[in-house]
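# Coordinate analysis (summary)
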Amino acid sequence: MIQVAKVVVDVPSKGTDRPFDYLVPEELIGEVQLGSRVEVPFGPRKILGYVVGISLSSSAQKLKNILDVKDILPPLTQELLQLGQAMAEEYFCHTITAFQSMIPAVLKGKYQKKIHLGSKAIPFDGAAEGLQQLLEKKSSCSYEEAEQLVGRAVLRKLIQNQSVLVEEHVGDRVTKERISWVRLIDQVDIRMIPARAKKQHEVMQYLLNDLKEIPLPTLLAATGANRQTVKALEERGMVRIEEREQYRDPYRNASFVPSVPLALTEEQQKAYETITKPIKEEHYETILLHGVTGSGKTEIYLQSIEEVLNKEKEAIVLVPEISLTPQMVDRFKGRFGDKVAVLHSRLSAGERYDEWRKIRRGEVQVAIGARSAIFAPFTNLGLIIIDEEHESSYKQEESPRYHAREIARWRAQFHQAAVVLGSATPSLESYFHARTNVYSWVTLQERVQGRPFPTIKTVDMREELKSGNRTMFSKDLTTSIQETISRGEQVVLFLNRRGYATFVLCRSCGEVANCEHCDIALTYHHTNRTVRCHYCGYTENVPTSCPNCQSEHIRHFGTGTQKVEEELGKHFPGIRVIRMDMDTTSKKGSHERLLRSFGEGEADILLGTQMIAKGLDFPKVTLVGVIAADSMLHLPDFRSVERTYQLLTQVSGRAGRHEQPGKVIIQTYQEDHYSIQMVANHESETFYRKELLLRKQHHYPPFCGLFTITISHTDRVLAMKRAVEIANLLKGNNGYEVLGPVAPSVSKIKDRYRIQVMVKYTHDFEVIREIQSKWRTIEEWPKDKELRIQIDRDGEIGVSANVHTQHREISRSHS
DNA sequence: AGCACGCCGACT
DNA sequence: GTCGGCGTGCTC
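Per an unreviewed UniProt entry, chain A goes by Replication restart protein PriA and derives from Shimazuella alba. UniProt, in its Sequence similarities (unreviewed entry) section for chain A, records the words "Belongs to the helicase family. PriA subfamily." Quoted straight from UniProt, the Subunit (unreviewed entry) entry for chain A says "Component of the replication restart primosome."

In structure tokens:
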């Protein structure tokens, strides 16, 4: 009986985005399983692929053999195979791309070809001689090197007549850390060791007294012996030294204080019961846990997970990368110990792989990590928690452009598990689904131990300027900072912009220094007197004269974190400031280090961008200042108001989380804007209703779905030409509306001109199918090398709710 | 995506 | 002639 495997190969292209049939050779039958990562011949080369099906026959003309199976346990479970195929459809990506996004990077293929001297001599002619010499010296060289040396045709000839050999290497990048263990051999007689070998006796005593086996480094440290001593014992047959594979546990040297469940408040208890109901009854449900900052959501998570573990099921916890701090990890490790695997971007590729394997092998039951941890290969999921669910980092910005919420919903439906979306400031779509009963909804309105909310005050900076204050700190903020620090308490200052100033401008001709590769102003950085592009990283020295008019009246304008830091020093002599932004936290571990030293009171002020807005919990912080609240209010994005509201609420939540009450000062030029007013007045309900109504009026998600097609090309005209063709193809259909082509706010990035076409569509199966088929047509169009087209879906995949009822519900609830 | 094949213009 | 450029088509 023959066995045929259907393999999705590692070639991300339109023509190869389907399974190819391969014969499973006899010796691999049983080893080749669904989800296996296999090496296969594909055309003239060898590549990796994933087994998506196994059958007994094939309609293909000729079958090649599978060459190898790369892992003992298939990296993809059957569930993930299905999910990958669903993702390919929903996100317009190749199936292989979806698969790649679900597994650790070390499992991705690494292909290289090497040239060796062959069995026959290289014929003596000019070109080949150099190669001959090279290969005699080095024994092998890369394919590219050889091709460059002798030319393509000659190399091909040499390969054909076997003068040189091509060795293909299909590697995985797996590196397994190995460590030596020392094992005592049963029934040894230590009298066989000469008395003068004192160290050997000591080591044997240690082993006999204590353990029968121990890692070599531990043994050496404990006895003060060296490697040679142990080697000598091995030669005497007293011990055996063996190499064992070992997980690189990034937390192996850390100890965690065990934590016990805390008593829940009445509110928390209610939330806990809502969450554990579907877990107990084992059915799918999504619950929005809408809890104000400091309301103790984490404790509810922990106790809900406990319930899942009792049912012998598993849980995934997603947190935004930025709040995956040691504080957070400690709490989970403290409660669940070695049942937890942690996946975050600071791990090395090898460490990540090891954590992932613990999950795949069923050695842990809880996975905590950033976005991609949503693919944790559990087989019996009971619960998925997405903390700070409104965070934009849950959306992947490269293909496959998925949102972790959508994957969570899909997996939970597959496993009949619960999804908990936790946030103090839910995304508008989640709030909407909660209101319309697509999700269950629980709210936590009180802070733990009845701690009061901070008082929030807004300051109109236009008035400040009128009254003669030309600094970036209002009178109110200045005195508050002074008071707070003199009480020995701490301040958090927030500014959504790094660098020193926002842009560099010539005062003679008005020229703004722009990036040569992107349509964006360069940002001035004071420390090394450079201007940098925050899109592509381009850096140059700050111009001393205007490139346009040669005037030397060049100045920087606007405010960044670096400048605030400097101004703080001038305003408050002797003040200790810690600045946290992309520039000061780029090094590994610096994020943690800065936070720790602030927590230990080594600074009075923590000044930072986005990254200090959430999750931080420092008892001594009683004042939060927002330098410029409106910096992102008017970005050309329909979510900019929502984002401003969320950010301000989150930052405010950093104040007064413990005994001392907190105070928040928000400086703004738009004091009367509803989002800022509603943050100040703690009017969350009103904000959500108003914003939803606006979305409805202007026809934006969640009231419709949105595709954004971005066409980019090195030639602006060609980009526009193709954009117009795409828009025309899509236009004139029922059920969806085409906008554009328009130039996006950043119309050039890295030397590529960008044009966008947007499609607003109703959440209707037929409509989506129609757009999908149109997209297929677009994909068929001839492409030139420089043209790139990407499509991003912003809508609710997998929410089965009648949109028309939802519309009615919202109008009703608001009136 | 690679890679081969094949067609074509440009040079020793 | 043959070297190398690029368009086309295929990969179980």
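UniProt tags Cys515, Cys518, Cys533 and Cys536 as "binding site: Zn(2+) 2" (unreviewed entry). Counting through the fold element by element, Cys515 comes out in the loop between β22 (503-506) and β23 (523-525). Residue classification places Cys515 among the buried residues on the basis of a relative accessible area of 5%.

Here the focus is the domain arrangement of chain A. With domains assigned, chain A is organised as domain 1 (4-108), domain 2 (112-246), domain 3 (266-450), domain 4 (455-695) and domain 5 (705-794). The centre of domain 2, based on its C-alpha atoms, is set 43 Å off from the matching centre of domain 3.

Turning our attention to the protein's contact with DNA strand C. Around DNA strand C, the structure places 14 residues, and the nearest of them are Asp21, Phe42, Gly43, Lys62 and Lys64. For DNA strand C, the backbone makes up 44% of the atoms found within 4 Å of the protein, where backbone means sugar plus phosphate. At 3.3 Å, a side-chain N or O of Tyr22 approaches a phosphate oxygen of DNA strand C. Pro41 is positioned such that a nitrogen or oxygen atom in its backbone is 3.2 Å from a phosphate oxygen of DNA strand C. Of all the elements in the fold, those that place two or more residues in the surface near DNA strand C are β2 (20-23) and β3 (37-42). Residue contributions to the surface near DNA strand C peak at 3 residues, all from β2. Grouping the constituent residues of the surface near DNA strand C by class yields 6 nonpolar, 3 polar and 5 charged.

Another aspect to go through is the protein's contact with DNA strand B. The local shell around DNA strand B consists of Val11, Pro12, Ser13, Pro44, Arg45, Lys113 and Arg152. Backbone sugar and phosphate groups make up 50% of those atoms of DNA strand B lying within 4 Å of the protein. The contact in question runs from a base nitrogen of DNA strand B to an N or O atom on the side chain of Arg45, over 3.3 Å. For the surface near DNA strand B, the residue count by class is 3 nonpolar, 1 polar and 3 charged.

Here we take up unusual backbone geometry. Following Ser399, the chain continues into Pro400 via a peptide bond in cis, with omega recorded as -5°. For Pro400, the position within the fold is in the loop between β17 (381-387) and α13 (404-415). That bond from Pro701 to Pro702 is cis: its omega, 10°, falls within 30 degrees of zero. Structurally, Pro702 can be placed in the loop between α21 (684-697) and β31 (705-713).

Bringing the side chain of Glu267 into the picture now. Turning to its location among the elements, Glu267 is positioned in helix α9 (residues 266-281). Buried Glu267, no salt bridge; nearest opposite-charge side chain is Lys270, N-O distance 7.9 Å. Those residues in contact with Glu267 that sit more than four places away from it in its chain are Thr443, Leu444, Gln445 and Glu446.

Two descriptors summarise a pair of aromatic rings, namely the distance from one centre to the other and the angle between the planes of the rings. Following the criterion strictly, the structure yields 17 aromatic pairs and no others. On the numbers, 6.2 Å between centres and 20° between planes, the contact of Tyr353 with Trp356 is stacked. In this pair, Tyr353 and Trp356 are both assigned in helix α12 (residues 349-360), 3 residues apart and thus about one turn of the helix distant. When sorted by exposure, Tyr353 lands in the same class as Trp356, which is buried. Plain terms: the ring middles of Phe687 and Tyr688 are 5.7 Å apart, the flat faces sit at 75° to each other, and that makes the pair edge-to-face.

On to the sheet that holds strand β16 (residues 366-369), then. What the 7 strands build is an open sheet, ordered β15-β16-β14-β17-β18-β13-β19; its pairing is parallel. Where the open sheet ends on each side, the last strands, each with one partner, are β15 (340-343) and β19 (440-444). Going across the sheet, the axis of each strand differs from the next one's by a mean of 15°, ignoring polarity. Across 6 bridges, the pairing between strand β13 (residues 285-291) and strand β18 (residues 418-423) is parallel. In the sheet register, Leu289 faces β18, and the bridge partner there is Gly422. Its contacts with the sheet place α12 against β15 and β16, and it is angled at close to 145° to β15.

Conventions we followed
- Residues numbered from 1 in each chain as written.
- Chains lettered and ligands numbered in written order.
- Predicted model: local features only at pLDDT ≥ 70, side-chain atom pairs only at ≥ 80, totals over all residues.
- Heavy atoms only, no water.
- UniProt positions renumbered as here; feature names shortened; annotations may be inferred.
- Helix = DSSP H or I, 4+ residues; strand = E, 2+ residues; numbered from the N terminus.
- Buried < 20%, exposed > 50% of the residue type's maximum accessible area, 1.4 Å probe, protein only.
- Domains from an automatic or database assignment.
- Near = heavy atom within 4 Å.
- Polar contact = N/O pair within 3.5 Å; in protein donor to acceptor, adjacent residues only side chain to side chain.
- Nonpolar A, V, L, I, M, F, W, Y, C, P; charged D, E, K, R; others polar.
- Lys, Arg positive; Asp, Glu negative; His and termini not counted.
- Salt bridge = Lys/Arg side-chain N within 4 Å of Asp/Glu carboxyl O.
- Contact = heavy atoms within 4.5 Å.
- Phe/Tyr/Trp six-rings, centres within 6.5 Å; stacked < 30°, edge-to-face > 60°.
- Pairing = 2+ DSSP bridges.
- Axes fitted to C-alpha atoms, helices over the stretch in contact; angles between N-to-C directions.

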